[in-house]
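What follows is the residue order along each chain.
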Amino acid sequence: MTTQNATTVTYTVTGMTCGHCENAVREEVGAIPGVVGVDVSATTGQLVISVGDGVTVSDQAVLDAVDEAGYTATPGQPA
């Protein structure tokens, strides 16, 4: 789910191998207040979140959510 006027931020997630992994990350990150969209790929290791216009979500909140899902994330795109 993505809304207009959303800002996107990209992270690299390591350790995902399948759709179940993607769903776990999507569920945890999607529960962060202000996050309106989550696009994650186990194939590329890329996590792109969309936040509502004027909303700020801290990197630490995203990193903690990914950790809660059982994976590790760093800000920025996969190498």
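Further up the page is the structure itself.
Residues numbered from 1 in each chain as written. Predicted model: local features only at pLDDT ≥ 70, side-chain atom pairs only at ≥ 80, totals over all residues. Heavy atoms only, no water.

Draft legend 1. Structural detail: the overall build of the protein chain. Along the backbone of the protein chain there are two helices and four strands. When its helices and strands are written in sequence order, the protein chain yields β-α-β-β-α-β. Taking 79 residues into account, the globule formula puts the C-alpha radius of gyration at 12 Å, and the protein chain, at 11 Å, falls close to it. Dimensions along the principal axes, computed over C-alpha positions, put the protein chain at roughly 35 × 20 × 20 Å. Looking at the 79 residues of the protein chain, the share that counts as buried comes to 39%. Look at the contacts in the protein chain between residues 6 or more apart in sequence, and 63% of them connect residues 24 or more apart. (Helix = DSSP H or I, 4+ residues; strand = E, 2+ residues; numbered from the N terminus. Rg over C-alpha atoms; globule rule 2.2 N^0.38 Å. Buried < 20%, exposed > 50% of the residue type's maximum accessible area, 1.4 Å probe, protein only. Contact = heavy atoms within 4.5 Å.)

Draft legend 2. Summary view of the nonpolar core. Counting 21 residues, the largest nonpolar core has Val-25, Val-29, Leu-47 and Val-66 as the members making the most contacts within it. Elements supplying a minimum of two residues to this core: β1 (7-14), α1 (19-30), β2 (35-41), β3 (46-51) and α2 (59-69). Looking at which element gives the most residues to this core, the answer is α2, with four residues. Apart from the residues within four sequence positions on either side, Val-25 is in contact with Met-16, Gly-30, Val-40, Leu-47, Val-66, Ala-69 and Tyr-71. (Core = buried A, V, L, I, M, F, W, Y, C linked by side-chain atoms within 4.5 Å.)

Draft legend 3. Molecular detail of the sheet that holds β3. Strands sit in the order β2-β3-β1-β4 across an open sheet of four strands; the sheet is antiparallel. Edge positions in the sheet fall to β2 and β4 (72-75), since each of these pairs with one other strand and no more. Averaged over all pairs of adjacent strands, the angle between their axes in this sheet comes to 25 degrees, without regard to strand direction. Pairing analysis gives six bridges linking β1 to β3, with the strands arranged antiparallel. Paired with Val-9 across the bridge in β3 is Ile-49. Against the sheet, α1 touches β2 and β3, its axis set at about 160 degrees to β2. Across the face of the sheet, α2 comes into contact with β1, β3 and β4 while running at roughly 160 degrees to β4. (Pairing = 2+ DSSP bridges. Axes fitted to C-alpha atoms, helices over the stretch in contact; angles between N-to-C directions.)

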